Amino acid sequence: LTTVSKQSHTNGNTNATTPGPTTEPKAIIKKTQTKIRQLSPEIKLRKEPKKIVWDVFEFVFTFSLLTSEAKVPPTGDYTPDDECSSFKFKLRFRSKLLHEILNRFAVTLRRIRSSSNENGKFIMCPPDCTPAMKHVRRDESFVPPVERKDTCRSLVRLSVPIFVPRDDAAAREAAKVVVRGAFATAISTGEFDGF
């Protein structure tokens with residue numbers, strides 16, 4: 001900042017007067033602070049992250065299960081427990097093998113908790129996330145190997161309840177990849193061995 005000398009002529013005498021060195025800078029600072037206060041609500045609004053509204057997304061997929069004839073799970077639609085009319089009806093569609101598989105898969109899903117990409121979080125798995133059976137059918141086209149003629153293949157459909165951002169199709173597709181990948185990893189690392 002520079003100051004400009006002013007000259008005043010009084011009684012023929014010339015006196016150079018210079019304003020105080022802090023008068024003009026103070027005015028500029030005060031004016032700047034006023035502008036900042038006026039703009040600060042808008043600045044805060046721009047920096048505040050967009051709030052995500054989460055919806056439950058039931059991701060349904062199918063996997064194949066090889067078992068012996070004796071361990072083939074019951075075929076048909078699997079009715080949720082709260083919709084079963086009696087305990088006897090529940091037993092018609094229960095498989096200890098599938099129950100153990102779903103329990104181990106649930107542990108794998110709960111480890112995910114949440115995942116993010118360049119667009120932010122796109123999936124959340126609640127602490128009580130538990131896959132549910134939907135349907136089982138026998139794969140009649142399967143031809144067992146000669147050395148294991150009693151092997152059967154069942155096609156198992158299950159659903160996984162997860163949370164994704166509302167109305168975000170890309171997040172749903174990304175979440176599907178994560179869930180499938182978690183299931184494939186659990187198989188490859190032997191988490192389903194020993195049944």
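The structure presented is a predicted model; accordingly, all values stated were derived computationally and were not measured.

Give a detailed account of the state of the cysteines, specifying residues and quantitative values.
Simply put, disulfide is the name for a covalent bond between the sulfur atoms of two cysteines. As enumerated under the stated definition, the model contains zero disulfides in all. Left without a disulfide partner, C129 is nearest to the cysteine sulfur of C125, which lies 4.9 Å away. Take C129: its relative accessible area is 1%, and that puts it in the buried class.

With reference to specific residues and values, describe unusual backbone geometry.
Non-glycine residue D167 carries a positive phi angle of around 55°. If you trace the backbone, D167 turns up in the loop between β8 (151–165) and α4 (169–188).

Can you lay out the pairing of strand β7 (residues 132–138) for me, pointing to particular residues and giving the numbers?
Inspection of the sheet shows strand β4 (residues 76–77) paired to β7 by two bridges, in the antiparallel sense. Looking across to β7, one finds that D77 is bridged to H135. As paired strands, β7 and β8 are joined by six bridges and run antiparallel to one another. Each bridged residue has a counterpart across the sheet, and for H135 the counterpart in β8 is R157.

Lay out the packing of helix α3 (residues 96–112) against α4 in plain terms, naming residues and giving numbers.
Contact pair α3 / α4: the axes reach a minimum separation of 10 Å and the direction vectors enclose 130°. One finds that α3 runs oblique with respect to α4. Remark: the crossing between α3 and α4 carries right-handed chirality. Contacts from F105, T108, L109 and I112 of α3 reach α4 at V178, V179, A182, F183 and A186. For the contact of α3 with α4, the class distribution of residues is eight nonpolar, one polar and no charged.

Describe the nonpolar core, naming the residues involved and giving the relevant values.
F61, L98, F105, V160, I162 and V179 are the most contacted members of the largest nonpolar core, which has 31 residues in total. The dominant element in this core, judged by the number of residues it contributes, is α3, at seven residues. Leave out the neighbours within four places in its chain, and V179 touches F59, F61, F105, L109, I123, V160 and I162.

Would you mind going over the environment of K176 in detail, with residue names and values included?
Structurally, K176 is set in helix α4. Separated by 115 residues in the primary sequence, K176 and F61 place their C-alpha atoms 9.1 Å from one another. Discounting chain neighbours no more than four positions away, the residues touching K176 are F57 and F59. Separated by 3.3 Å, the side chains of K176 and E173 make a polar contact.

With reference to specific residues and values, describe α3.
With 17 residues, α3 extends 25 Å between its outermost C-alpha atoms, agreeing within 8% with the 24 Å of an ideal straight helix rising 1.5 Å per residue. For α3, the set of buried residues is L97, L98, I101, L102, F105, A106, T108, L109 and I112. Here the buried residues of α3 occupy an arc of 165° about the axis, which is enough to place them on one side. Opposite the packed face of α3, turned more than 90 degrees from it, sit the exposed residues K96 and R111.

Each value, and the rule that gives it
- Per chain, the residues get numbers from 1 upward, laid out in the order the sequence is written.
- It should be noted that, the model being predicted, local features are given only for residues of pLDDT at least 70 and side-chain atom pairs only at 80 or more, the latter also being counted only at that level, while totals for whole chains, interfaces and linings use all residues.
- To obtain the side-chain values, all non-hydrogen atoms of the structure were used and water was disregarded.
- Cysteine sulfur atoms that come within 2.5 Å of each other are treated as a disulfide pair.
- The buried label applies to any residue whose accessible area, calculated with a 1.4 Å probe on protein chains only, is under 20% of its type's maximum; exposed applies above 50%, and partly exposed to all values in between.
- Numbering goes from the N terminus for both helices and strands, where a helix is a DSSP run of H or I of at least four residues and a strand is a run of E of at least two.
- Pairs of strands are assigned from DSSP output, requiring at least two bridges between the strands.
- A fitted line through C-alpha atoms represents every axis, and for helices the fit uses only the stretch in contact; the resulting angles, taken between N-to-C directions, go from 0 to 180 degrees.
- Between 65 and 115 degrees an angle is taken as roughly perpendicular, under 35 as roughly parallel, over 145 as roughly antiparallel, and anywhere else as oblique.
- Crossing handedness is read from the near helix: turned anticlockwise from the far helix by less than a right angle, it gives a left-handed crossing, and turned clockwise, a right-handed one.
- The contact rule is simple, with two residues in contact once any of their heavy atoms fall within 4.5 Å.
- Each residue gets one of three labels, nonpolar for Ala, Val, Leu, Ile, Met, Phe, Trp, Tyr, Cys and Pro, charged for Asp, Glu, Lys and Arg, and polar for the others, Gly among them.
- Residues belong to one nonpolar core when they are buried, are Ala, Val, Leu, Ile, Met, Phe, Trp, Tyr or Cys, and are joined through side-chain atoms within 4.5 Å.
- What qualifies as a polar contact is a pair of N or O atoms within 3.5 Å, subject to a donor-acceptor requirement within protein and to the restriction that residues adjacent in sequence count only when both atoms come from side chains.
- Given the number of residues in a helix, its expected span is that number minus one, multiplied by 1.5 Å.
- This arc is taken over the directions from the axis of the helix to the C-beta atoms.

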